[in-house]
Amino acid sequence: EVDLEERLGELDLRNDSDIPDIPPPTDSTPEILKRALSGLSARWKNWWIRGILTLAMISGFFLTIYLGSFMLMLLVLSIQVKCYHEIITIGYRVYHSYDLPWFRSLSWYFLLCVNYFFYGETVADYFAMFVQRREQLQFLIRYHRFISFALYLTGFCMFVLSLVKKHYRLQFYMFAWTHVTLLITVTQSHLVIQNLFEGMIWFLVPISSVICNDITAYIFGFFFGRTPLIKLSPKKTWEGFIGGFFSTVVFGFIFSYFLAQHQYFVCPVEYNSETNRFVTECEPSELFQMKKYSVPPLLQAVLGWERVNMYPFQMHSIALSTFASLIGPFGGFFASGFKRAFKIKDFADTIPGHGGIMDRFDCQYLMATFVHVYITSFIRGPNPSKLLKQLLILQPEQQLSVYKTLKSHLTEKGILQPSLRG
């Protein structure tokens, strides 16, 4: 037992009291807001600042939606980079990594490598026809994974070469910190873009549900909150949690109804190589075609309706909204625990009254994974359009082989008549 204690002591594992204090973030509130709200108490001043900045962010989000899918992808990428920067900066300050050679350069290099891999996979998957027409891109796509591995391996070797005496343990701390941050930010943002390609509605409803839950839970907690919900977040209350849940489910159901009426939101996002533009035109699937449903007997007496017309997607929106309001907040609780562990109030001071970008998107990353799993498990079926694109980039002899195999299969099934031979 004594030997075990000595070994644990040698590991130099830090507890909460060993974490150095980080300088508090500066107040980034615009001076015009400070002067306008100077007569209010701190509680109400924070309320107004959060409210005004929330409306500004929502307005910017709607503008981005109007500008189209490509701008939404750029927005996701920008948020990913900023979140990565905020988390890496915390590690840089907490562990006093100022003297570590190449640490920041390697952190950004690994971000570049992982993004190159994921976005290259997306290009190969969704832009096959575009790549086929450009010889310089064919080489990059054909050997994409080898190039990605070579780039990462270069960074790995650079890290090993940067190891210096008396800093080994700290350098490996930061190596792990960097990779966990990559897993949280890059992987999840890639899933967000994958969801977007399935149709903008799969992007908007989940993200809007999380935003709605965050806003309504804050409002219910601010006015009615009395019962603490979890020690990690002392300001969270059961009243806010429950009020946010019901509000989010209702919002998701109604919001889905309006989005499901427009091809722009429900059609898969595809790249048109002829016009070099993203297009959202299609015949809406059954999920987005109005159907009649029987109202459960218990609700018939309350509503006075026996049947209702609604889109099938609205039923899925209930599942998405439920996750956003019941499980999504655990992403926020996780972030709160992280901040408490390192004695910080917010990830950064980018947005006055809200903290950093990561403070606003801690629940979104968990939601993105759920939506991707939900689509692949319950929604996505064979995609003839995607399969056709892959067939068209094959060599002529390969296409002919596929044609003969398919023809033989359809003939055996009795769908095609066997050809007559003289």
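Here the structure is a predicted model, which means the values were calculated and not measured. (Residues numbered from 1 in each chain as written. Predicted model: local features only at pLDDT ≥ 70, side-chain atom pairs only at ≥ 80, totals over all residues. Heavy atoms only, no water.)

Caption draft 1: Structural view of the packing of helix 5 (residues 103-126) against helix 9 (residues 168-197). Running from N to C, helix 5 and helix 9 point in directions that differ by 25 degrees, and their axes come no closer than 10 Å. Classified by the angle their axes make, helix 5 and helix 9 are roughly parallel. Of the two possible hands of crossing, helix 5 and helix 9 adopt the one that is right-handed. Contact with helix 5, carried on its side by Phe103, Ser107, Phe110, Leu111, Val114, Asn115, Phe118, Tyr119, Thr122 and Tyr126, involves Met174, Phe175, Thr178, His179, Leu182, Val186, Thr187, His190, Ile193, Gln194 and Phe197 of helix 9 and no other residues of that element. (Axes fitted to C-alpha atoms, helices over the stretch in contact; angles between N-to-C directions. Helix = DSSP H or I, 4+ residues; strand = E, 2+ residues; numbered from the N terminus. Parallel < 35°, antiparallel > 145°, perpendicular 65-115°, else oblique. Left-handed = near helix turned anticlockwise from the far one by under 90°. Contact = heavy atoms within 4.5 Å.)

Caption draft 2: Fine view of a nonpolar patch on the surface. There is a patch of nonpolar side chains on the surface, built from Leu40, Trp44, Trp48, Ile52, Ile219, Phe223 and Phe224 and spanning about 640 Å² of accessible area. Looking at the nonpolar patch, the elements with two or more residues in it are helix 3 (42-67) and helix 10 (200-224). Note on placement: Phe224 falls in helix 10. (Patch = residues over 30% accessible without salt bridge, like charges linked within 9 Å, V, L, I, M, F, W, Y side chains within 5 Å. Areas by Shrake-Rupley, 256 points an atom, 1.4 Å probe, with all protein chains shown as cover. Salt bridge = Lys/Arg side-chain N within 4 Å of Asp/Glu carboxyl O.)

Caption draft 3: Representation of the state of the cysteines within the structure. Under the defined criterion, the tally for this structure stands at 1 disulfide. Cys267 shares a disulfide with Cys282; S-S distance 2.0 Å. Across the disulfide from Cys267 to Cys282, rotation about the S-S bond amounts to roughly -90 degrees, and the bridge is consequently left-handed. Here Cys282 lies in the loop between strand 4 (277-279) and strand 5 (291-294) and Cys267 lies in the loop between helix 12 (263-266) and strand 3 (270-272), a separation of 15 residues in the sequence. (Disulfide = S-S within 2.5 Å.)

Caption draft 4: A look at the nonpolar core. Ile201, Trp202, Phe203, Leu204, Phe288 and Leu320 are the most contacted members of the largest nonpolar core, which has 40 residues in total. Listing elements by their share of this core, those giving two or more residues are helix 3, helix 4 (69-94), helix 9, helix 10, helix 11 (238-259), helix 12, helix 14 (312-326) and helix 16 (357-379). If you tally residues by element for this core, the top one is helix 10, at 8 residues. Beyond its immediate sequence surroundings of up to four residues, Phe288 is in contact with Ile201, Trp202, Ala260, Val266, Tyr311 and Phe313. With 35 residues, the next largest nonpolar core counts Ile79, Ile87, Tyr95 and Met174 among its residues. (Core = buried A, V, L, I, M, F, W, Y, C linked by side-chain atoms within 4.5 Å. Buried < 20%, exposed > 50% of the residue type's maximum accessible area, 1.4 Å probe, protein only.)

Caption draft 5: Spotlight on the UniProt feature "transmembrane region" (unreviewed entry) in the protein chain. As annotated by UniProt and renumbered to match this structure, "transmembrane region" (unreviewed entry) occupies residues 47-79, 100-119, 139-161, 173-193, 199-225, 237-260 and 313-335. Secondary structure content for residues 173-193 is 100% helix and 0% strand, and the end C-alpha separation is 30 Å. Taken end to end, residues 313-335 is 91% helix and 0% strand, and its first and last C-alpha atoms sit 31 Å apart. (UniProt positions renumbered as here; feature names shortened; annotations may be inferred.)

Caption draft 6: Seen up close, helix 3. Here helix 3 contains 26 residues, and its C-alpha end-to-end distance of 37 Å stays within 8% of the 38 Å for a straight helix at 1.5 Å per residue. Positive phi shows up at Gly68, right after helix 3, with a value of about 115 degrees. (Expected span 1.5 Å × (residues − 1).)

Caption draft 7: Region of interest: the confidence of the model for the protein chain. Residue-level pLDDT values for the protein chain average 83, and 86% of them are 70 or greater. Scored below 50 in pLDDT, residues 4-17 makes 14 contacts in the model with residues more than four places away or belonging to other chains. (pLDDT = per-residue confidence, 0-100.)

Caption draft 8: A look at empty space enclosed by the protein. Taken as a whole and judged by the stated rule, the model has 1 cavity of 30 Å³ or more. Considered as a void within the structure, the largest cavity measures approximately 110 Å³ in volume. Lining the largest cavity are 13 residues; nearest its centre among them are Phe103, Leu106, Phe159, Gln171 and Phe175. Elements supplying a minimum of two residues to the lining of the largest cavity: helix 5, helix 8 (144-162) and helix 9. Per-class residue counts for the lining of the largest cavity are 9 nonpolar, 4 polar and no charged. (1 Å grid on protein atoms, 1.4 Å probe; cavity = no way out; pocket = protein on both sides within 12 Å on 5 of 7 lines; lining within 4 Å. Points joined across faces, edges and corners; volume = space filled by probe spheres on them. Nonpolar A, V, L, I, M, F, W, Y, C, P; charged D, E, K, R; others polar.)

Caption draft 9: Examining unusual backbone geometry more closely. Despite not being glycine, Lys166 has its phi angle at roughly 75 degrees, a positive value. Along the chain, Lys166 falls in the loop between helix 8 and helix 9. Since its relative accessible area comes to 79%, Lys166 is described here as exposed. Notably, Lys343 is not glycine yet its phi reads approximately 60 degrees, a positive angle. Its location among the elements puts Lys343 in the loop between helix 15 (329-341) and helix 16. Note on Lys343: relative accessible area 37%, which makes it partly exposed.

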